[in-house]
Amino acid sequence: MGTSNYIFGRSTVTTPGTPIQLPNLAIALGADVCINAMPSNTGNCYLATSSSNVLDATKRRVIDPGMSLESMHPTNLNLFWLDSTSAGEGIEYTIEGST
């Protein structure tokens, strides 16, 4: 049985309406990714697979303050784009995998 590895991080939006791409972090096959709205957020965050989609209310996922998106399995964290309603707010992520 392998040992678990964890990567923790945070991404914040400087200017609402100007999406940011999440960091370039390759994710091993079978690893779990959890994205949480930062506990201090006062507004919503938005997550999508492109900078244009994150600005489109019909193509993005709303992440309310305190909400988690769990058990996602992307191949890289940079496949996601983030925006928020308030400057300085964002998400925390945890990547769990095995070696």
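So, a few notes on the structure that sits alongside this text.

What counts, and at which threshold
Residues numbered from 1 in each chain as written. Predicted model: local features only at pLDDT ≥ 70, side-chain atom pairs only at ≥ 80, totals over all residues. Heavy atoms only, no water. Core = buried A, V, L, I, M, F, W, Y, C linked by side-chain atoms within 4.5 Å. Buried < 20%, exposed > 50% of the residue type's maximum accessible area, 1.4 Å probe, protein only. Helix = DSSP H or I, 4+ residues; strand = E, 2+ residues; numbered from the N terminus. Contact = heavy atoms within 4.5 Å. Salt bridge = Lys/Arg side-chain N within 4 Å of Asp/Glu carboxyl O.

### Observations regarding the nonpolar core
Ranked by internal contacts, the top residues of the largest apolar core, which has 18 residues, are L22, I35, I63 and I91. Of all elements in the fold, only strand 3 (32-37), strand 4 (45-48), strand 6 (68-72) and strand 8 (90-98) reach the threshold of two or more residues within this core. Ignoring any residue separated from it by four or fewer positions in sequence, one finds L22 in contact with S11, I35, L47, L77, N78, F80, L82 and I91.

### Describing unusual backbone geometry
Phi is positive for S71, close to 55 degrees, though the residue is something other than glycine. Examined against the element boundaries, S71 turns out to sit in strand 6.

### Observations regarding the pattern of salt bridges
Applying the stated criterion across every chain yields a total of one salt bridge. With a shortest N-O distance of 2.4 Å, E92 and R10 are connected by a salt bridge. Here R10 lies in strand 1 (residues 4-12) and E92 lies in strand 8, a separation of 82 residues in the sequence. When its relative accessible area of 23% is taken as the criterion, E92 is described as partly exposed. The exposed category is assigned to R10, whose relative accessible area is 51%.

### Notes on the side chain of S11
Mapped onto the fold, S11 is located in strand 1. According to the relative accessible area criterion, S11 is buried, its value standing at 7%. Once residues lying within four places of it in the same chain are set aside, the contact partners of S11 are I20, L22, P23, L82, G90, I91 and Y93.

Keep in mind that these numbers describe shape and distance, not what the molecule does.
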